[in-house]
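# Structure assessment
Listed here are the chains, written in short residue letters.
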Amino acid sequence: MRLRSFFFSSIFSLSRSPSPSPSLPSSRFSSSLSPAMSPAPEKSRQGNGECNDDLKSKVTVVGSGNWGSVAAKLIASNALKLPSFHDEVRMWVFEEVLPNGEKLTDVINKTNENVKYLPGIKLGRNVVADPDLLNAVKEANMLVFITPHQFMDGICKKLDGKITGDVEAISLVKGMEVKKEGPCMISSLISKQLGINCCVLMGANIANEIAVEKFSEATVGYRESREIADTWVQLFSTPYFMVTPVQDVEGVELCGTLKNVVAIAAGFVDGLEMGNNTKAAIMRIGLREMKALSKLLFPSVKDSTFFESCGVADVITTCLGGRNRRVAEAFAKSGGKRSFDELEAEMLQGQKLQGVSTAREVYEVLNHCGWVETFPLFSTVHQICTGRLQPEAFVHYREHKA
């Protein structure tokens, strides 16, 4: 493990152009930031290394599925080491009763393991599961949102007016809300409803691989404060999970959202046994449509963002593995006769599929703006998901030429 971590740390650092680190102003989020490729130093328990408890940041993870549990594991390992953070990391759990009659939160707190969504992995002795959302976020000044995107509006409404003080948020949620005035990214939903700044974290991240500490990268998107971005980088970074900040919230978030639609198409390719050449073509066209739509919706989106982990790397990973590709493959093998809802319930053991709902939301935006023909892959995926076209139809469209 140490040799592998050293190797990846080395190539990671060589892949980045050297640039001077900005000088960071002092605030409650300031700390001695180590490089993203270095593990957090051990927390000092005596002398000047121990921070005043009132100045320490308290972290709550809002969500406890597969990826949420892995995020809690990453954060908990660093919270124990970093003097600027409280040891305890709270994790809000949507309460469920397991087949043996026990409550999921009780089992997590007793065994230190999410036996339903991340079995066999210890989360960290400092992770505390809490089924009460308001109690879980109480006194926290760093909120990590990581739930299926269709639940975020309801969560924000419950928290509206309950979040006070100097609070920062980060969203690991992949998806968008479609409103009459246009698409609303989840980070914007959080910021507007809760009145707090919200960064995002996206990347080529299959949760089960990170859980067993296989090397992975991720991208933190931020708006203005590099200081806050660096704090999030520090909180998530480990020798096997390398995080890079990018000043492009919308670009990073849209990459994490739109790639799930491309993954659905890749699953169709696998289900129809069309081969690697076809899948490569779908990935290329999908990435191009991701970039084009992102820049139409938000002209500030940077081209370089698509070359970060959140961009091309996430497209590759999601189209080779992950739940969206896997369920779409089963859908295509059935000839579209089995619904995505049926397959989700059968294959994902309570986890939620994001690609189908995102495809619908994207199509609503395209239809509203008159862009359906400009984005044939996105449009066709939605029509296949809703049964208007057969799975093989996506390779028969004529690619739009500008």
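Bear in mind that the values here come from a model prediction, so they are computed numbers and not experimental data.

## Some words on the overall build of the protein
Assigned secondary structure in the protein consists of 15 helices and ten strands. Taking all 402 residues of the protein together, 53% fall into the buried category. The contacts in the protein between residues at least 6 apart in sequence include a share of 75% that link residues at least 24 apart. Within the structure as shown, the protein displays about 17,800 Å² of accessible surface, and the carbon and sulfur contribution to it stands at 52%.

## A word on helix 14 (residues 355-369)
For helix 14, spanning 15 residues, the distance from its first C-alpha to its last is 21 Å, which sits close to the expected 21 Å at 1.5 Å a residue. The complete set of buried residues in helix 14 reads G355, S357, T358, A359, E361, V362, Y363, V365 and L366. Those residues of helix 14 that are buried are in contact with strand 6 (176-179), strand 7 (182-185), helix 9 (249-271), helix 10 (276-297), helix 12 (323-333) and helix 15 (376-385).

## A short note on the pattern of salt bridges
Two side chains that carry opposite charge are able to pair once their charged atoms sit near each other. Scanning all chains against the criterion turns up 21 salt bridges. For R90, the salt bridge identified is with E88, shortest N-O distance 2.9 Å. Between R226 and D230 there is a salt bridge, and its shortest N-O distance comes to 2.9 Å. Within this pair, R226 and its partner D230 are both found in helix 8 (residues 226-236), separated by four residues, close to a single helical turn. Since its relative accessible area comes to 11%, D230 is described here as buried. One network of salt bridges, in which partners are shared, links D270, K279, R325, E329 and K333.

## Considerations on the sheet that holds strand 9 (residues 216-221)
Ordered by their spatial adjacency, eight strands build an open sheet running 3-2-1-4-5-8-9-10, and the pairing between neighbours is mixed. Edge positions in the open sheet fall to strand 3 (127-130) and strand 10 (241-246), since each of these has one partner strand only. Strand after strand, the sheet turns through a mean of 25° between neighbouring axes, direction not considered. With four bridges joining them, strand 5 (residues 168-171) and strand 8 (residues 197-202) adopt parallel strand pairing. Counterpart to E168 in the pairing with strand 8 is N197. Across the sheet, helix 3 (residues 104-111) touches strand 2 (85-92) and strand 3, and the angle it forms with strand 3 is around 165°.

## Here's the deal with the packing of aromatic side chains
For the structure shown, the criterion picks out five aromatic pairs. Ring geometry for W232 and F236: centres 6.4 Å apart, planes at 40°, overall tilted. Of this pair, W232 and F236 both sit in helix 8, four residues apart, roughly one helical turn. Here W232 and F236 have matching classes, each one buried.

## Points about unusual backbone geometry
Unusually for a residue other than glycine, E213 sits at a positive phi of about 65°. Relative to the assigned elements, E213 resides in the loop between helix 7 (207-211) and strand 9. Positive phi, normally seen in glycine, also occurs at E273, with a value near 55°. As for its position among the elements, E273 is in the loop between helix 9 and helix 10. Accessibility expressed as a relative area gives 69% for E273, which makes it exposed.

## Considering the environment of M91
Relative to the helices and strands, M91 is located in strand 2. Using a relative accessible area of 0% as the deciding quantity, one classes M91 as buried. Between the alpha carbons of M91 and S64 there is a distance of 6.6 Å; along the sequence they are 27 residues apart. In this structure M91 touches V61, G63, S64, G68, S69, A72, I108, L123, V127, V128, A129 and D130, once residues within four positions along its chain are discounted.

## With respect to the side chain of N66
Positionally, N66 belongs in helix 2 (residues 66-79). With near-sequence residues (within four places) excluded, N66 lies in contact with Y117, L118, A207, N208, R323 and Q351.

Rules behind the numbers
- Residues numbered from 1 in each chain as written.
- Predicted model: local features only at pLDDT ≥ 70, side-chain atom pairs only at ≥ 80, totals over all residues.
- Heavy atoms only, no water.
- Helix = DSSP H or I, 4+ residues; strand = E, 2+ residues; numbered from the N terminus.
- Buried < 20%, exposed > 50% of the residue type's maximum accessible area, 1.4 Å probe, protein only.
- Contact = heavy atoms within 4.5 Å.
- Areas by Shrake-Rupley, 256 points an atom, 1.4 Å probe, with all protein chains shown as cover.
- Expected span 1.5 Å × (residues − 1).
- Salt bridge = Lys/Arg side-chain N within 4 Å of Asp/Glu carboxyl O.
- Pairing = 2+ DSSP bridges.
- Axes fitted to C-alpha atoms, helices over the stretch in contact; angles between N-to-C directions.
- Phe/Tyr/Trp six-rings, centres within 6.5 Å; stacked < 30°, edge-to-face > 60°.

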